[in-house]
Amino acid sequence: MKQNRVVIVTGGGRGIPAAVVKRFSAEGARVAVVDLLLERAQDCVQQVNASGKGQAKAFQCDVRSWDSVQRMVNDVRAAYGPADVLVNAAGSYFQYKLPHETTEEEWDSVVDSNMKGVFLCCKAVLPDMMANGGGRIINFASNAARSVATALGIEYTAAKTGVLGITRHLAKEYAKYNILVNTLAPGPTDVDRVKETTSDEFYAAIPKTIPLGRYAQADEIAAVVEFLASDGASFITGATIDANGGIIMV
Ligand SMILES: NC(=O)c1ccc[n+]([C@@H]2O[C@H](COP(=O)([O-])OP(=O)(O)OC[C@H]3O[C@@H](n4cnc5c(N)ncnc54)[C@H](O)[C@@H]3O)[C@@H](O)[C@H]2O)c1
């Protein structure tokens, strides 16, 4: 595997994506920590610097906007060089509502950040990866894409299901360029966003629905991302990898 790879992690400011940043920076990669909220990205970079393991830089970007994504990818290229690995983990969400109560604005925001953003970030890095002999792209879906979301709304189920299609389409089109594209579908993971979007009662009830009987830790999901970007995953493309404690078995 190439040393000091350039890795872009969208949503890198906190939660699972921040754990992904820490994994890659610890292996010597140069990691672009991309977030809508610059302070979150900077906070994650500070943690990397404090750990003394690896390199990371913060970049502000709204993955829903092509202008913003293009600017971010240009800034990362200027700072570190072209991306070898893209991890599309950014996404927003709202508290659960029934579909007929969901507003158009909620639909657009969640679909654009979780699905359109994946397309835009891939679109922006693919030319560099084609020119450089290959790359790895890991797109975040969710167990919601394998069935339906229970804690989040219809817009989240739709967006994450769309990610599976984007991944397969890209995997087929860009295999000839040695660009491997996969989806990771995590199950419930114990991060701030889960506490923010669920009642205390629901938060406590979720582990009872998981065969392994507990939430994932963010680093357990980050380990799968690291694997998908490694030499060991060199024949995997277009796949959906479930890391969900057995909550959905397909
Ligand atoms: N936590 C879980 O249980 C769980 C389960 C399945 C899938 N996922 C997926 O994993 C990924 C990470 O989720 P999480 O819960 O760890 O963290 P999170 O959702 O709290 O954080 C992700 C980061 O994305 C950023 N973000 C939101 N909208 C953005 C935008 N438009 N542009 C750029 N950045 C934006 C946020 O500021 C945040 O720092 C998401 O794609 C999520 O859907 C999470």
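Refer to the structure above for everything that follows.
Cut-offs used in this document
- Residues numbered from 1 in each chain as written.
- Predicted model: local features only at pLDDT ≥ 70, side-chain atom pairs only at ≥ 80, totals over all residues.
- Heavy atoms only, no water.
- Helix = DSSP H or I, 4+ residues; strand = E, 2+ residues; numbered from the N terminus.
- Contact = heavy atoms within 4.5 Å.
- Areas by Shrake-Rupley, 256 points an atom, 1.4 Å probe, with all protein chains shown as cover.
- Lys, Arg positive; Asp, Glu negative; His and termini not counted.
- Charge placed at Lys NZ, Arg CZ, Asp CG, Glu CD.
- Near = heavy atom within 4 Å.
- Polar contact = N/O pair within 3.5 Å; in protein donor to acceptor, adjacent residues only side chain to side chain.
- Nonpolar A, V, L, I, M, F, W, Y, C, P; charged D, E, K, R; others polar.
- Expected span 1.5 Å × (residues − 1).
- Buried < 20%, exposed > 50% of the residue type's maximum accessible area, 1.4 Å probe, protein only.
- Pairing = 2+ DSSP bridges.
- Right-handed = clockwise from strand over helix to strand, strands pointing away.

## Considering the overall build of the chain
Reasoning step 1: In terms of regular secondary structure, the chain is built from eight helices and seven strands.
Reasoning step 2: Oriented by its inertia axes, the alpha-carbon framework of the chain measures out at about 45 × 40 × 35 Å.
Reasoning step 3: Put simply, 73% of the contacts in the chain that link residues at least 6 apart link residues at least 24 apart.
Reasoning step 4: For the chain, the accessible area works out to roughly 11,300 Å², and carbon and sulfur atoms hold 54% of it.
Reasoning step 5: Distance between charge centroids for the chain: 7 Å, based on 25 positive and 27 negative side chains.

## Thoughts on the site of the ligand
Reasoning step 1: Surveying the vicinity of the ligand reveals 30 residues, the closest of which are R14, I16, D35, Y156 and R193.
Reasoning step 2: Taking R40, its side chain carries an N or O atom lying 3.0 Å from an oxygen atom of the ligand.
Reasoning step 3: One of the side-chain nitrogen or oxygen atoms of R193 is found 3.1 Å away from an oxygen atom of the ligand.
Reasoning step 4: For the ligand, the protein covers 96% of the area, taking 820 Å² as the surface of the free molecule.
Reasoning step 5: Mapped by element, the contributors of at least two residues to the shell around the ligand are α1 (15-26), α4 (104-131), α5 (154-174) and α6 (192-197).
Reasoning step 6: Among the elements that make up the shell around the ligand, the one with the highest residue count is α1 (three residues).
Reasoning step 7: Its residues placed into classes, the shell around the ligand shows 15 nonpolar, eight polar and seven charged.

## With respect to the side chain of E226
Reasoning step 1: Following the sequence through the fold, E226 ends up in helix α8 (residues 218-228).
Reasoning step 2: Within the local environment of E226, its side chain forms a polar contact with the side chain of R23, the two groups lying 2.7 Å apart.
Reasoning step 3: Once residues lying within four places of it in the same chain are set aside, the contact partners of E226 are R23, F24 and E27.

## Concerning α1
Reasoning step 1: Here α1 is twelve residues long and its end C-alpha atoms lie 17 Å apart, about the 16 Å a rise of 1.5 Å per residue gives.
Reasoning step 2: Along α1, the residues that are buried comprise I16, P17, A18, A19, V20, V21, F24 and S25.
Reasoning step 3: Just downstream of α1 lies G28, where phi reads positive at about 100 degrees.

## A word on the pairing of strand β3 (residues 55-60)
Reasoning step 1: For strand β2 (residues 30-35) and β3, the ladder comprises six bridges, and the chain directions are parallel. Residue pairing across strands places A32 opposite K57, the latter belonging to β3.
Reasoning step 2: After leaving β2, the chain enters helix α2 (residues 38-51) and then returns to the sheet as β3, a path that is right-handed.

## Some remarks on the environment of A32
Reasoning step 1: Residue position: A32 is located in strand β2.
Reasoning step 2: Here A32 falls in the buried class, since its relative accessible area comes to 0%.
Reasoning step 3: In the structure, A32 is positioned 54 residues away from L86 in sequence and 9.5 Å away in space, judged by C-alpha atoms.
Reasoning step 4: With near-sequence residues (within four places) excluded, A32 lies in contact with V7, I8, V9, K57, F59, V76 and Y80.

## Observations concerning the side chain of S113
Reasoning step 1: In this structure, S113 sits in helix α4.
Reasoning step 2: A relative accessible area of 6% places S113 in the buried class.
Reasoning step 3: Polar side-chain contacts of S113 include one of 3.4 Å to the backbone oxygen of V110.
Reasoning step 4: If sequence neighbours within four positions are ignored, S113 has contacts with V63, R64, A90, G91 and S92.

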